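Residue-level structure breakdown
The residues making up each chain are set out below.
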Amino acid sequence: NTIPDMLWFKRLDGIHMLVNDEFCRVVNKEKDDIHGKDHFYIWNVPRPEDGSEGFACEESEEIAISTGEMYIKDEPVMASDGMKQLTTYKTPLYDMFGNVFGTVGSGHDVTNLNNMGIELEILVESVPFPMTVFTPDWNIMRMNSHFKQLTGVEDTEAFDYKEWKEKNLAPVDDEERGHNDNPDANEYKIIQNGKKRYVRVAEYKISDFFGNVNGYFCIMEDLTYQYAYEKSIIEAANTDLLTGMGNRRYFYEKIAEYTGKGSLILYFDLDRFKQINDTMGHAVGDEVLIKTAQLIQEFFPDALSARLGGDEFALIEEKHDKAYAEEQCRKLEKAFLETYSHLGLGVGISVGIAQMDGTKTDIDAIIHESDLRMYEQKKLHHEQQA
């Protein structure tokens, strides 16, 4: 009776001879009523219709008897307080002459996860991710050290997971989101020790043998380094290494997002840039390109800008009208000439402006239009200098 699990002794014919208090509590019968009775009477289940002898647990007990060893099996049973799932342990009993005269068995109730005790503790702690097992009402049942470290939890009994989650986890923005192939998981941002981290949180129901929800478990995966790695790859693929601007690939991807919006496309090209490279070297030419990018971003701080290649630049301006863009271009051209007048090579910058009215869908046509207008201005610059 000191054993917290069900315990019983049976004869070879399945008659119960001795049971403990826990057994009586589960079947809701007194010991005197159980003694000398078989499985069908004790568990209130119908006997085989064909009138054959035997009992419901006969197969597992026959295995224990035939092998001479303990036999372990998970078995569903109907108890006085509803269906239960038991892990049963059955062992043959031997007399002094080595003959089997019965069996002894114990039943460990695993319907309630709390009953798993140290087994559950070992399992949860061995998981290499932050993990917590909860009761059906989301109280903590087991929490591993990885979860405690991530959340900073010290007193698990006072920890309210739902409250902590709402207070500390913010959904990841779409532009930040990485690749997630788990439909049961969501990605969040969390501030830990003053630093932003990214985690993927997966929550699952724990159902018993009968489909009843016995609890929940939560696993968190730290995605901070994965996010940083993916971001660095994307930035490298979309960034011009010399100027730090977006590159041609980035510009063409972004311009597609402006279809249906009224925007301006500005196309820039340097005048007589080749002469700089030929007479002063590519190092000076690179400095001019870097300075040009800085000037474009200075005079169009709200625009999306990119270096398309060589001495060609472009930007998308959607916050201001054409008059504003033309005025800013005049200021930009003046600043550029003042910066490089000392070179004495007639270096300048030409720009073409095209209106994207929100109905055009041919991006190449819009770029071509701004390109043509830029060459018209470049031709005008050359004529004025001649």
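Structural data are supplied above this passage.
A brief report on the enclosed structure follows.

Calculation rules
Residues numbered from 1 in each chain as written. Predicted model: local features only at pLDDT ≥ 70, side-chain atom pairs only at ≥ 80, totals over all residues. Heavy atoms only, no water. Salt bridge = Lys/Arg side-chain N within 4 Å of Asp/Glu carboxyl O. Buried < 20%, exposed > 50% of the residue type's maximum accessible area, 1.4 Å probe, protein only. Helix = DSSP H or I, 4+ residues; strand = E, 2+ residues; numbered from the N terminus. Core = buried A, V, L, I, M, F, W, Y, C linked by side-chain atoms within 4.5 Å. Expected span 1.5 Å × (residues − 1). Arc of directions from axis to C-beta. Contact = heavy atoms within 4.5 Å. Pairing = 2+ DSSP bridges. Axes fitted to C-alpha atoms, helices over the stretch in contact; angles between N-to-C directions.

1. Let's talk about the pattern of salt bridges
- All chains considered together, the criterion is met by 14 salt bridges.
- In this structure, D13 engages R11 in a salt bridge whose closest nitrogen and oxygen atoms are separated by 2.7 Å.
- Judged by relative accessible area, D13 falls into the partly exposed class, the value being 44%.
- Here E22 ties to R25 by a salt bridge, and the two come within 2.8 Å at their closest N and O atoms. Here R25 and E22 lie together in helix α1 (residues 21–27), a separation of 3 residues that amounts to about one turn.
- Relative accessible area serves as the criterion here: at 22%, E22 is assigned to the partly exposed category.
- Judged by relative accessible area, which is 45%, R25 ranks as partly exposed.
- Among the charged side chains, a network of salt bridges with common partners joins K10, E61 and K90.

2. With respect to the nonpolar core
- By size, the foremost hydrophobic cluster in this structure holds 29 residues, and its most contacted members are L266, F268, F300, L332 and F336.
- For this core, the secondary-structure elements that each account for two or more residues are β12 (263–271), α10 (273–280), α11 (282–299), β14 (312–317), α12 (322–340) and β15 (348–356).

3. Here's the deal with helix α8 (residues 224–238)
- Over its 15 residues, α8 runs 21 Å from end to end, which matches the ideal 21 Å to within 8%, given 1.5 Å per residue.
- All of the buried residues along α8 are T224, Y227 and N238. Within α8, the buried residues cover an arc of 70 degrees as seen down the axis, which keeps them to one side. Away from the buried face of α8 by more than 90 degrees, exposed residues Y225, Y229 and A236 are located.
- Structurally, α8 contributes buried residues whose contacts are with β9 (185–192), β10 (195–207), β11 (213–222) and α9 (248–255).

4. Let's talk about the sheet that holds β9
- Spatial strand order, β7-β6-β11-β10-β9-β8: 6 strands in an open sheet with antiparallel pairing. The strands lining the two open edges of the sheet, one partner per strand, are β7 (140–143) and β8 (170–171).
- Note: strand β6 (residues 131–134) against β7, 3 bridges, orientation antiparallel. Its bridge partner lying in β7, F134 is registered against I140.
- Where α8 meets the sheet, it contacts β9, β10 and β11, and its direction lies at approximately 125 degrees from that of β10.

5. Topic: the sheet that holds β14
- The 4 strands lie next to each other as β13-β14-β12-β15, forming an open sheet whose pairing is antiparallel. Each of the sheet's edge strands pairs with one partner strand only, and the pair in question is β13 (304–309) and β15. On average, each strand axis in the sheet is tilted by 20 degrees relative to the strand beside it, whichever way the strands run.
- The strands touched by α9 are β12, β13 and β14; relative to β13, the strand with the most contacts, the crossing angle is about 135 degrees.
- Running at roughly 170 degrees to β15, α12 makes contact with β12, β14 and β15 of the sheet.

6. Points about unusual backbone geometry
- One non-glycine residue, N28, lies in the positive phi region at around 60 degrees.
- In this structure, N28 sits in the loop between α1 and α2 (31–34).
- A relative accessible area of 59% means that N28 is categorised as exposed.
- Notably, W138 is not glycine yet its phi reads approximately 70 degrees, a positive angle.
- Note on placement: W138 falls in the loop between β6 and β7.
- Judged by its relative accessible area of 18%, W138 falls in the buried class.

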